[in-house]
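Analysis of the macromolecular model
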Amino acid sequence: MKGIGTINLPFRAMLVLSWRNLWRNHRRTMIMLAAISVGVWAMIFMTALMRGMVDDMLRQGIQNLPGHIQIHHPDFRNDPSIVNSIDAPSGDLLNALNDPSTKAWSTRIKVPAIIASERETRGINLLGIEPEAETIISGIGGQIIEGRFLLDRHDKGLVIGAKLAERLETRLGKRVVVISQDPENNIAERGFKVVGIYKAKMPGLEEFNVYAALGTLQTLLKIGNQISEITIVDDDFRDIEVLYQNIKQATPENLEIKAWYELDAYLKYMLNMMDGFVLVWVIIIFLALSFGLVNTLVMAVFERVREIGLIQALGMRPGMIVYQILLESLLLLLIGLGIGNLLAIITVKPLESGLDISIVAEGLAMMGASSMLYPSLTASDMILANTVVIILGILTSILPAWRAAKLDPVQAINST
Amino acid sequence: MSSIRCIQLCKTFRQGDEIITGLDNVDIVIDEGEFVCLSGPSGSGKTTLLNAIGGLDTPDSGEIHMDGIRVDQLAKGPLADMRLHNIGFVFQAYNLIPVLTAQENVEFVMQVQGVAAAERAQKARDILKEVGLIGMEDRKPAQLSGGQQQRVAVARAIVSQPKLVLADEPTANLDTVASSKLMNLFSQLNQNYNITFIIATHDKRVMSYAKRLIKMQDGKIISDEMQTPVSGDEG
Ligand SMILES: Nc1ncnc2c1ncn2[C@@H]1O[C@H](COP(=O)(O)OP(=O)(O)OP(=O)(O)O)[C@@H](O)[C@H]1O
Ligand SMILES: [Mg+2]
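Only a predicted model underlies this, so the values are computations on that prediction, with no experimental measurement involved. (Residues numbered from 1 in each chain as written. Chains lettered and ligands numbered in written order. Predicted model: local features only at pLDDT ≥ 70, side-chain atom pairs only at ≥ 80, totals over all residues. Heavy atoms only, no water.)

**So, the sheet that holds strand 4 (residues 61–66) of chain B**
In sheet architecture, strand pairing relies on hydrogen bonds along the backbone and comes in two forms, parallel and antiparallel. All names here are of chain B. An order of 2-1-4-5 is seen for the four strands of this open sheet, with the pairing classed as antiparallel. Of all the strands in the sheet, just strand 2 (18–30) and strand 5 (69–70) have a single pairing partner and so form its edges. Two elements, strand 4 and strand 5, share two bridges in a ladder whose sense is antiparallel. Each residue of the ladder has a partner; that of Met66, found in strand 5, is Ile69. The strands touched by helix 1 (residues 46–53) within the sheet are strand 1 (4–15), strand 2 and strand 4, with strand 1 carrying the most contacts at an inclination of about 120°. (Pairing = 2+ DSSP bridges. Helix = DSSP H or I, 4+ residues; strand = E, 2+ residues; numbered from the N terminus. Contact = heavy atoms within 4.5 Å. Axes fitted to C-alpha atoms, helices over the stretch in contact; angles between N-to-C directions.)

**Quick notes on the site of ligand 1**
Residues and elements named next belong to chain B. In the region of ligand 1, 15 residues are neighbours, and Ser42, Gly43, Lys46, Thr47 and Thr48 sit closest. A distance of 2.7 Å separates an oxygen atom of ligand 1 from a polar atom in the side chain of Thr47. Here an oxygen atom of ligand 1 and a side-chain polar atom of Thr48 are 2.5 Å apart. Bound to the protein, ligand 1 loses 69% of the 620 Å² it would expose on its own. (Near = heavy atom within 4 Å. Polar contact = N/O pair within 3.5 Å; in protein donor to acceptor, adjacent residues only side chain to side chain. Areas by Shrake-Rupley, 256 points an atom, 1.4 Å probe, with all protein chains shown as cover.)

**Description of the sheet that holds strand 7 (residues 164–168) of chain B**
All names here are of chain B. Taken in spatial order, the six strands of this open sheet run 6-7-8-3-9-10, and their pairing is mixed. Each end of this open sheet is capped by a strand with a single partner; those strands are strand 6 (87–90) and strand 10 (220–226). On average, each strand axis in the sheet is inclined to that of its neighbour by 15°, with strand direction left out of account. Of the strand pairs in this sheet, strand 3 (residues 35–39) and strand 8 (residues 196–200) are connected by four bridges, and their pairing is parallel. Of the residues in strand 8, the one forming a bridge with Leu38 is Ala200.

**Thoughts on the packing of aromatic side chains**
Residues and elements named next belong to chain A. Under the counting rule described, the total for this entry stands at nine aromatic pairs over all chains. With a centroid separation of 4.9 Å and an interplanar angle of 20°, the aromatic rings of Trp41 and Phe45 are classed as stacked. Taken together, the residues span about one helical turn, with Trp41 and Phe45 both in helix 2 (residues 26–64) at a distance of four residues. Take Trp41: its relative accessible area is 27%, and that puts it in the partly exposed class. Take Phe45: its relative accessible area is 17%, and that puts it in the buried class. With 6.4 Å between their ring centres and 5° between their planes, Phe277 and Trp281 make a pair best called stacked. With Phe277 and Trp281 both in helix 10 (residues 265–303) and four residues apart, this pair spans about one turn of that helix. Taken together through their ring pairs, the aromatic side chains of Phe237, Trp260 and Tyr261 make up a single cluster. The ring of Tyr261 has Lys268 sitting right over it, with the charged end atom 5.3 Å from the ring centre. (Phe/Tyr/Trp six-rings, centres within 6.5 Å; stacked < 30°, edge-to-face > 60°. Buried < 20%, exposed > 50% of the residue type's maximum accessible area, 1.4 Å probe, protein only. Lys NZ or Arg CZ within 6 Å of the ring centre and 35° of its normal.)

**A look at a negative patch on the surface**
All names here are of chain A. There is a patch of like negative charges on the surface, built from Asp235, Asp239, Glu241 and Glu262. The residue Glu262 is located in helix 9 (residues 260–263) in this model. Glu262 sits in the partly exposed class, given a relative accessible area of 33%. (Patch = residues over 30% accessible without salt bridge, like charges linked within 9 Å, V, L, I, M, F, W, Y side chains within 5 Å. Salt bridge = Lys/Arg side-chain N within 4 Å of Asp/Glu carboxyl O. Lys, Arg positive; Asp, Glu negative; His and termini not counted. Charge placed at Lys NZ, Arg CZ, Asp CG, Glu CD.)

**What to know about the interface of chain A and chain B**
Residue-level contacts link 35 residues of chain A with 37 residues of chain B. Counting each side, the surface lost to burial between chain A and chain B is near 3000 Å², with a carbon and sulfur contribution of 64%. Taken together, the connections running from chain A to chain B amount to two salt bridges. Its salt-bridge partner being Arg317(A), residue Asp81(B) comes within 2.6 Å of it at the nearest N-O pair. Counting the contacts that link chain A with chain B gives five residue pairs in polar contact (both at pLDDT 80 or more). Counting residues per element, the ones that place at least two in the side of chain A that touches chain B are helix 1 (11–22), helix 11 (305–313), helix 12 (318–348) and helix 15 (409–414) of chain A. Of all the elements, helix 1 of chain A adds the most residues to the side of chain A that touches chain B, at seven residues. Residue composition of the side of chain A that touches chain B, by class: 19 nonpolar, seven polar and nine charged. (Buried area = accessible area lost by both parts, 1.4 Å probe. Nonpolar A, V, L, I, M, F, W, Y, C, P; charged D, E, K, R; others polar.)

**Structural notes on the domain arrangement of chain A**
Residues and elements named next belong to chain A. Split into domains, chain A comes out as domain 1 (11–61 + 268–414) and domain 2 (67–263). Placing the centre of domain 1 and that of domain 2 at their C-alpha centroids yields a distance of 49 Å. Contact residues are listed per partner, giving 12 residues for domain 1 and six residues for domain 2. The contact between domain 1 and domain 2 buries some 810 Å² in all, and 66% of this surface belongs to carbon and sulfur atoms. Our count for the domain 1 to domain 2 interface comes out at one residue pair in polar contact (both at pLDDT 80 or more). Among the secondary structure elements, those contributing two or more residues to the side of domain 1 that touches domain 2 are helix 2 and helix 10. (Domains from an automatic or database assignment.)

**Quick word on the environment of Arg119(A)**
Residues and elements named next belong to chain A. Within the secondary structure, Arg119 is located in the loop between strand 2 (104–116) and strand 3 (121–129). Classification of Arg119 by relative accessible area gives exposed; the value is 59%. Taking the C-alpha atoms as reference points, Arg119 and Val280, separated by 161 residues in sequence, lie 54 Å from one another. The residues contacting Arg119, other than those within four sequence positions of it, are Leu168 and Glu169.

**Focus: the side chain of Thr170(A)**
All names here are of chain A. Along the chain, the position of Thr170 falls in the loop between helix 5 (162–168) and strand 6 (175–181). Taking the relative accessible area as the measure of exposure, Thr170 reaches 9% and is therefore buried. In contact with Thr170, not counting residues within four places along its chain, are Ser117, Ile160, Ala165 and Val176.

**Structural notes on a nonpolar patch on the surface**
Together, Ile391(A), Leu395(A), Ile398(A), Leu399(A) and Trp402(A) make up a nonpolar patch on the protein surface, roughly 500 Å² of accessible area in all. Within the secondary structure, Leu395(A) sits in helix 14 (residues 379–405).

**A word on the pattern of salt bridges**
Residues and elements named next belong to chain A. Under the criterion given, the structure shown has 31 salt bridges over all chains. Here Arg28 and Glu303 are joined by a salt bridge, their closest N and O atoms 3.0 Å apart. Taken together, the residues span a long stretch of sequence, with Arg28 in helix 2 and Glu303 in helix 10 at a distance of 275 residues. Taking relative accessible area as the criterion, Arg28 reaches 18% and is therefore assigned buried. The partly exposed category is assigned to Glu303, whose relative accessible area is 46%. Residue Lys222 is joined to Asp182 by a salt bridge in which the shortest nitrogen-to-oxygen separation is 3.7 Å. Here Asp182 lies in the loop between strand 6 and strand 7 (187–198) and Lys222 lies in the loop between helix 7 (214–221) and strand 9 (229–233), a separation of 40 residues in the sequence. Taking relative accessible area as the criterion, Lys222 reaches 57% and is therefore assigned exposed. The class for Asp182 is buried, based on a relative accessible area of 3%. One salt-bridge network, in which partners are shared between bridges, spans Arg108, Lys110, Glu134 and Glu229.

Next up, the structure:
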């Protein structure tokens, strides 16, 4: 006897057979394609909306940190006092920061302080900043609603939030007193003129963050050119690893360097939750689709019992029958995915410039979301959706395919 | 040497409480190049015997030897391979894959066997010519008459020159003219390529083509005679 034991997978023969079988029942195939396409579209579209919203929250959260990467005295995050200051960057670190691959960086002072108007006194977070770089990093310069922002690192003015101005019952042009401590625990106080009032997206910050020029505060606090932190931003907060590693290399051992996801566990959690959400959402839609898919294949097998018996009689191994049915399912899935992805791209792209959701977004603003939603179509989300559909699709097709392979050829041929 | 040897084949079917005899101690030896007709009344076990020899069904007991291999003991996969490479089947009807053209149906088995594209296209064309279907290569089964469909099935069964062709009532759905054409074709192929044919039939005219006529009844062989066939060259 010839050829026993040689197994080859005649891909072309199976492909032709699968393709033609797929179009035998036009109506059923079209319905199934529509279902898969709409399902895949819903997966990706909804994911893009959610991703856009979460990205916005993350971006907001990162602006409040601020920055993608921060460098501190190792004790500063536990005890943000003036004692835990660090020297301004120099040497390797300065070179790394000034490298063109760094989008922007800035040094800041951040100390607890008290602010007093003639009527009220409040505890604040006093920030000494380099105005130009700070605006790139935290966006504060663009949030001024009255007066002006700080001009340079020796500006003598003070910028406070609208909410704080209200609480202090003060306004633009008025003088306030800021009280803090120098490293020797002596009181350091100074009068400032309110030169600008800002409005933040998060009302909580508006009451708390007060901006002065870096040099002015260094003088007030008697810390020479020391600072509290260095903040650095990259182009995309999702893709900072290269920069992070480069700067980490150049950072002296006695300093602590952290990325945004290490600095704020909540942001990290939000990102993970979003990734988890995408997976769950994709799987839920898939489950809805899978009933249709299994049903389609079961019907296809049922209608073709005699034929399956015939090709078994001709010498097709049971595995080959499974292969042919799976190929049929794969073709269906691939076409459906193609259309679904296309629909998703066509519908999401025009919305990427922003979707006004202010009607429903009032409550969300509290959580740091803005009233504009920018859907975000990411390659990784699309790949995830497509991979899930293909893998689970094939897995759910195994049962009908296996049932076809189990058919008894004699009975199958005799069936009517 | 492609001889088939069946020893003490038994097969019963259960239908509700009834036990139906399919094959009852069948002993038979068929040598290479024989042209055998199985005849007998309906339910006498012809199909059951063909299916057992072709490895489509396994007997309850007994042995089937083909070229020294115990067909009855092969697993599903190797059994499928054996059919693919050594046996051609022609059934009574619905022999063809409806979504494939005549040419593609003939090529299908060769594709699974792994024959190169150019070679199988050539072989398929040649064999379709030989069975008289020139110009009909691109028709789907639904666009062919019953007789033409059966001839495509024959073309497919013999295209890779199997040792053995099993045909179960191949002419049952054909008119007289188509039947005799098909039988002449079988005779020719038997003579030209020394392919062994075993044909189950009710039809007296079909039986007249056989060199050996085996009669069955109630699952047993009741007679087994050599005869002089009508010539395969006529018609
Ligand atoms: N799958 C089955 N289940 C139950 N009984 C069966 C089955 N297959 C065959 N039989 C029975 O086995 C016996 C032999 O059947 P078989 O099909 O071999 O007869 P046959 O000689 O081919 O008849 P026919 O000329 O009608 O085709 C019959 O009594 C038939 O009813
Ligand atoms: Mg029969």
